[in-house]
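Residue-level structure breakdown
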There are 2 protein chains.
Amino acid sequence: MTAPRKRNTWQREAVRTALADDDGFVSAQRLHATLRESGSPIGLATVYRALADLAVEGEADSLQSLDGESLYRACTPGQHHHHLICRNCGLTVEIEADAVERWAQSVAIEHGFTQPNHVVDVFGLCAECSVTNWPEPRPPV
Amino acid sequence: MTAPRKRNTWQREAVRTALADDDGFVSAQRLHATLRESGSPIGLATVYRALADLAVEGEADSLQSLDGESLYRACTPGQHHHHLICRNCGLTVEIEADAVERWAQSVAIEHGFTQPNHVVDVFGLCAECSVTNWPEPRPPV
DNA sequence: TATACTATTGATAACGAATCTCATTACCTC
DNA sequence: GAGGTAATGAGATTCGTTATCAATAGTATA
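All figures in this text were calculated on a predicted structure; none of them were measured in a lab.

Glancing now at the protein's contact with DNA strand D. Neighbouring DNA strand D are 20 residues, the closest being Tyr48(A), Ser70(A), Thr9(B), Thr46(B) and Arg49(B). Near the protein, meaning within 4 Å, the atoms of DNA strand D are sugar or phosphate in a fraction of 64%, with bases accounting for the rest. Residue Thr9(B) places a side-chain N or O atom 2.8 Å away from a phosphate oxygen belonging to DNA strand D. In this structure, Gln11(B) approaches DNA strand D through a side-chain N or O atom, which is 3.0 Å from a sugar or linking oxygen.

Structure, rendered in structure tokens:
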């Protein structure tokens, strides 16, 4: 039982492209809606599957939004990094932080933990959203 | 319209106690099951409400598990801290990290972001679980 | 190029966490 | 006590996500 080989379908490519076209983190639902609006007949389940695949292949980062839905974003592969995310518009900046990596590692070891992992993300309002300061959130991330 | 006064019910107290009795992060569902098993007739919706209240009052910390459910834990109130969490048994250690606080703040400002917030948690296997090294995860956190 | 094999797709059903509804209960003040 | 009203809880509802399964379409081979 060898691993089944992956096939190249226009659906996967469409998801990859749509994801790359977006600045910030998007939900599977929103990405599906965007694709449909642009004329693609792609199915919702397929979008979920494609995003999950991209995530395990390291082509996309994923995180849990505050209300529990999974958000995805195209990311520079093969490089560990964190995110600075705008709460309002979803604009995302990739950040590196060797110091934080080392800190996480050492604090785990210090307490006898092994195989450390970490979740480090910074949320805020980006420069533009800070100025505009909407009375209520606009494009929900 | 002044703020409605909170009432003390045995239900809220039961949730507070059950939460304090647990070492790590627990879901509302699990906490409800535990309470029912110990003979309490408390309702599920009430557990959800009580946990949400404890979280806003600062008596409990909450985080999103990897599969998107909210987990809660009794915590030392009024003090900002992060967590070192065992992926296997849920054992949690509170950790402080002024350096990380400062880093998050400065990286946000550096990129023009305001009102920074951050999510910083370290996951791993605690000393005990590292030794035992179960073939498959045991008490799901 | 034609054919067979099978991974992938997608409409829909199923699932599960969380919230809402609303009649009933019980906490608190007077 | 008695009245006002927040809190409760069983069940319905919402909503994101996953499972089902017949139909479709990549891919390899002849």
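There is more to say, and it comes next.
So, about the protein's contact with DNA strand C. What surrounds DNA strand C is a group of 20 residues, the closest being Thr9(A), Thr46(A), Arg49(A), Tyr48(B) and Ser70(B). In this structure, a base oxygen belonging to DNA strand C sits 2.9 Å away from a side-chain N or O atom of Arg7(A). In the model, a phosphate oxygen of DNA strand C is placed 2.7 Å from a nitrogen or oxygen of the Ser70(B) main chain. Of all the elements in the fold, those that place two or more residues in the surface near DNA strand C are helix 1 (10–20) and helix 3 (44–56) of chain A together with helix 3 (44–56) of chain B. Top contributing element to the surface near DNA strand C by residue count: helix 3 of chain A, with three residues. A class-by-class count of the residues in the surface near DNA strand C yields six nonpolar, seven polar and seven charged.

With 36 residues of chain B at the interface, the matching set in chain A holds 35 residues. Interface area, chain B with chain A, both sides summed: about 2800 Å², of which 67% is carbon and sulfur. Three residues, Trp103(B), Phe113(B) and Val119(B), lead the burial of chain B against chain A; their summed loss comes to 22% of the area buried on that side. Between chain B and chain A we count zero salt bridges in total. Taken together, the elements giving at least two residues each to the side of chain B that touches chain A come down to strand 4 (82–86), strand 5 (92–95), helix 4 (98–110), strand 6 (114–125) and helix 5 (127–132) of chain B. At twelve residues, strand 6 of chain B tops the list of elements feeding residues into the side of chain B that touches chain A. Pairing geometry for strand 6 (residues 114–125) of chain A and strand 6 of chain B, over nine bridges, is antiparallel. Bridge pairing in strand 6 of chain B links Val119(A) to Asp121(B).

Definitions and limits used
Residues numbered from 1 in each chain as written. Chains lettered and ligands numbered in written order. Predicted model: local features only at pLDDT ≥ 70, side-chain atom pairs only at ≥ 80, totals over all residues. Heavy atoms only, no water. Near = heavy atom within 4 Å. Polar contact = N/O pair within 3.5 Å; in protein donor to acceptor, adjacent residues only side chain to side chain. Helix = DSSP H or I, 4+ residues; strand = E, 2+ residues; numbered from the N terminus. Nonpolar A, V, L, I, M, F, W, Y, C, P; charged D, E, K, R; others polar. Contact = heavy atoms within 4.5 Å. Buried area = accessible area lost by both parts, 1.4 Å probe. Salt bridge = Lys/Arg side-chain N within 4 Å of Asp/Glu carboxyl O. Pairing = 2+ DSSP bridges.

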